[in-house]
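# A structural walkthrough
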Amino acid sequence: MNYRRFGDKIIVRIDKGEEVLEQLREIALKENISLAHISALGATDSFTVGVFDVNKKQFYSNDFCGDYEIVSLTGTITVMDGKPYIHIHMSAGDNKGLVYGGHLSRAVISATCEMVITVMDGFVGRKYNEDAGINIFDF
């Protein structure tokens with residue numbers, strides 16, 4: 001992984017074999033990011049995405065292996081318990097044009113990932129919401 005900061009924007013290249021969320025955590029810690037928006041595209045050969053069932057308060061994940069293009073990766077960096085909290089959703093398409101996506105748990109890059117992180121002034125934390133069963137923005 002390599003990146004450069006230009007004002008409030010961080011341009012990131014995540015390399016083959018690197019895991020997206022691990023690299024984001026590293027950047028968030030190094031750059032002391034407490035609030036940011038993330039957008040990216042690229043290629044992955046192994047990823048896990050899923051859906052949270054609010055009624056059952058259970059996360060259902062799906063693992064994918066093969067050649068996939070990341071057609072959309074978007075999310076936020078906030079803070080929970082003093083640590084970066086990274087919340088990403090990703091969609092990836094296969095060689096037939098079928099797209100799979102959801103909440104990102106893991107994605108290993110197969111070629112490259114091109115990412116833009118927009119850092120914002122301010123602080124937004126996270127807190128657990130009993131009704132939803134997830135961690136939500138805490139203003």
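If you're wondering where the values come from, they're calculated on a predicted model, not measured in any experiment. (Residues numbered from 1 in each chain as written. Predicted model: local features only at pLDDT ≥ 70, side-chain atom pairs only at ≥ 80, totals over all residues. Heavy atoms only, no water.)

Quick look at the overall build of the chain now. Each helix and strand counted, the chain has one helix and eight strands in total. Beginning at the N terminus, the succession of helices and strands in the chain can be written as β-β-α-β-β-β-β-β-β. Expected size for 139 residues packed as a compact globule is a radius of gyration near 14 Å; at 15 Å, the chain falls within 12% of this value. Its C-alpha atoms put the chain at 45 × 45 × 20 Å along the principal axes. Residues counted as buried form 41% of the 139 residues belonging to the chain. (Helix = DSSP H or I, 4+ residues; strand = E, 2+ residues; numbered from the N terminus. Rg over C-alpha atoms; globule rule 2.2 N^0.38 Å. Buried < 20%, exposed > 50% of the residue type's maximum accessible area, 1.4 Å probe, protein only.)

Take the pattern of salt bridges next. Applying the stated criterion across every chain yields a total of four salt bridges. Arg5 is the salt-bridge partner of Glu31, the closest N and O atoms lying 3.0 Å from each other. Here Glu31 is found in the loop between α1 (20-30) and β3 (36-53), whereas its partner Arg5 is found in strand β1 (residues 2-6), with 26 residues between them in sequence. (Salt bridge = Lys/Arg side-chain N within 4 Å of Asp/Glu carboxyl O.)

Moving on to the packing of aromatic side chains. Taken as a whole and judged by the stated rule, the model has six aromatic pairs. Seen from their ring centres, Phe64 and Tyr100 are 4.8 Å apart, and the 35 degrees between their planes marks the pair as tilted. Taken together, the residues span a long stretch of sequence, with Phe64 in strand β4 (residues 58-80) and Tyr100 in strand β6 (residues 99-119) at a distance of 36 residues. The class of Tyr100 is partly exposed, set by a relative accessible area of 29%. Ring geometry for Phe137 against Phe139: centres 5.7 Å apart, planes inclined by 70 degrees, an arrangement best described as edge-to-face. One aromatic cluster in this structure is built from Phe47, Phe64, Tyr68 and Tyr100. (Phe/Tyr/Trp six-rings, centres within 6.5 Å; stacked < 30°, edge-to-face > 60°.)

Inspection of the secondary structure puts Thr78 in strand β4. A polar contact of 3.0 Å, which involves the side chain of Thr78, links it to the side chain of Arg126. Other than its neighbours up to four places away in sequence, Thr78 contacts Ser34, Leu35, Lys83, Pro84, Tyr85, Val124, Arg126 and Phe137. (Polar contact = N/O pair within 3.5 Å; in protein donor to acceptor, adjacent residues only side chain to side chain. Contact = heavy atoms within 4.5 Å.)

Structurally, Thr48 can be placed in strand β3. Apart from the residues lying within four places of it in its own chain, the contact partners of Thr48 are Ser61, Asn62, Asp63, His103, Leu104, Ser105 and Arg106.

Bringing α1 into the picture now. Among the residues of α1, those classed as buried are Val20, Leu21, Gln23, Leu24, Ile27 and Ala28. Looking down the long axis of α1, one finds its buried residues gathered within 160 degrees of arc, a one-sided arrangement. Structural note: α1 exposes Glu22, Leu29 and Lys30 on the side pointing more than 90 degrees away from its buried face. Looking at the packing, one finds that the buried side of α1 touches β1, β2 (9-15), β3, β4, β5 (83-93) and β6. Positive phi appears at Asn32, one or two residues downstream of α1, with a value of about 55 degrees. (Arc of directions from axis to C-beta.)

Before going further, it helps to examine unusual backbone geometry. One non-glycine residue with positive phi stands out, namely Asn32, at about 55 degrees. With respect to the secondary-structure elements, Asn32 resides in the loop between α1 and β3. For Asn32, a relative accessible area of 69% corresponds to the exposed category.

All right, on to the nonpolar core then. Counting 31 residues, the largest nonpolar core has Leu73, Met115 and Ile117 as its most contacted members. Listing elements by their share of this core, those giving two or more residues are β2, α1, β3, β4, β5 and β6. Considering each element in turn, this core owes the most residues, seven residues, to β6. (Core = buried A, V, L, I, M, F, W, Y, C linked by side-chain atoms within 4.5 Å.)

These figures come from the coordinates and say nothing about function on their own.
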